[in-house]
Amino acid sequence: MEKIEYPCPCGGKVKWKKDEVIVEGVNCGILDVEYCLKCGEEYLPEETMEIVEGKLK
Ligand SMILES: [Zn+2]
């Protein structure tokens, strides 16, 4: 999957990193996440969301 950089709504730059993803108390392991350098907001890319959805089922 191609990783495209896009800016955060705050105007900051969004970078990729590997981080532990915990959604609804379920540890989904170390996955790709996007985070904003400016506000620190984290976003889950589609690829990661699919893994998270699989874990939550
Ligand atoms: Zn931001």
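Described in the following lines is the structure provided in the data block. All of these numbers come straight from a predicted model, not from anything done at the bench. (Residues numbered from 1 in each chain as written. Predicted model: local features only at pLDDT ≥ 70, side-chain atom pairs only at ≥ 80, totals over all residues. Heavy atoms only, no water.)

### Structural notes on the coordination of the zinc ion
Consideration 1: Only C8 (SG), C10 (SG), C36 (SG) and C39 (SG) from the protein reach the zinc ion as donors, at distances of 2.2 to 2.4 Å.
Consideration 2: Taken together, the 4 donor atoms coordinating the zinc ion and their angles of 103 to 115 degrees define a geometry best described as tetrahedral.
Consideration 3: All donor residues of the zinc ion come from one chain, and their arrangement in sequence is C-x1-C-x25-C-x2-C. Residue C8 is found in the segment before β1 (14–23), and its partner C39 is found in the loop between β2 (26–36) and β3 (42–43); the two are separated by 31 residues along the sequence. (Donors = N, O, S within 2.8 Å, 3.2 Å for Na, K, Ca; no water. Tetrahedral: all angles 85-135°; square planar, octahedral: opposite > 155°, others 65-115°. Helix = DSSP H or I, 4+ residues; strand = E, 2+ residues; numbered from the N terminus.)

### Side note on the pattern of salt bridges
Consideration 1: Here the structure, examined in full by the defined rule, presents 3 salt bridges.
Consideration 2: Among the ionic pairs, K18 bridges to D32, the shortest N-O distance being 3.6 Å. Of the two residues, K18 is situated in strand β1 and D32 in strand β2; the sequence distance between them amounts to 14 residues.
Consideration 3: Connected through shared salt-bridge partners, K17, D19 and E42 make up one network. (Salt bridge = Lys/Arg side-chain N within 4 Å of Asp/Glu carboxyl O.)

### Details of unusual backbone geometry
Consideration 1: Although it is not a glycine, E24 adopts a positive phi angle of roughly 50 degrees.
Consideration 2: One can find E24 in the loop between β1 and β2.
Consideration 3: Under the relative-accessibility criterion, E24 is labelled exposed at 71%. (Buried < 20%, exposed > 50% of the residue type's maximum accessible area, 1.4 Å probe, protein only.)

### Quick look at the packing of aromatic side chains
Consideration 1: Going through the model one piece at a time under the given rule, you end up with 0 aromatic pairs.
Consideration 2: The ring of Y35 has K17 lying over it, and the distance from NZ or CZ to the ring centre is 4.5 Å. (Phe/Tyr/Trp six-rings, centres within 6.5 Å; stacked < 30°, edge-to-face > 60°. Lys NZ or Arg CZ within 6 Å of the ring centre and 35° of its normal.)

### Section: the nonpolar core
Consideration 1: Of all hydrophobic cores here, the largest spans 6 residues; its members are V21, V23, C28, L31, V33 and V52.
Consideration 2: Mapped by element, the contributors of at least two residues to this core are β1 and β2.
Consideration 3: Ranked by residue count, the leading element in this core is β2, at 3 residues.
Consideration 4: Each residue touching V52, except ones within four places of it in the same chain, is listed here: V21, V23, C28, L31 and L44. (Core = buried A, V, L, I, M, F, W, Y, C linked by side-chain atoms within 4.5 Å. Contact = heavy atoms within 4.5 Å.)

### Notes on the sheet that holds β3
Consideration 1: Across the sheet, 3 strands lie side by side as β1-β2-β3; this open sheet has antiparallel pairing. In this open sheet, the two edge strands, each paired with only one partner strand, are β1 and β3.
Consideration 2: One ladder, built from 9 bridges, connects β1 with β2; its direction is antiparallel. Bridge pairing in β2 places W16 opposite E34.
Consideration 3: With respect to the sheet, helix α1 (residues 46–56) is in contact with β1 and β2, its orientation differing from that of β2 by roughly 160 degrees. (Pairing = 2+ DSSP bridges. Axes fitted to C-alpha atoms, helices over the stretch in contact; angles between N-to-C directions.)

Everything listed here is a matter of geometry and, on its own, says nothing about what the molecule does.
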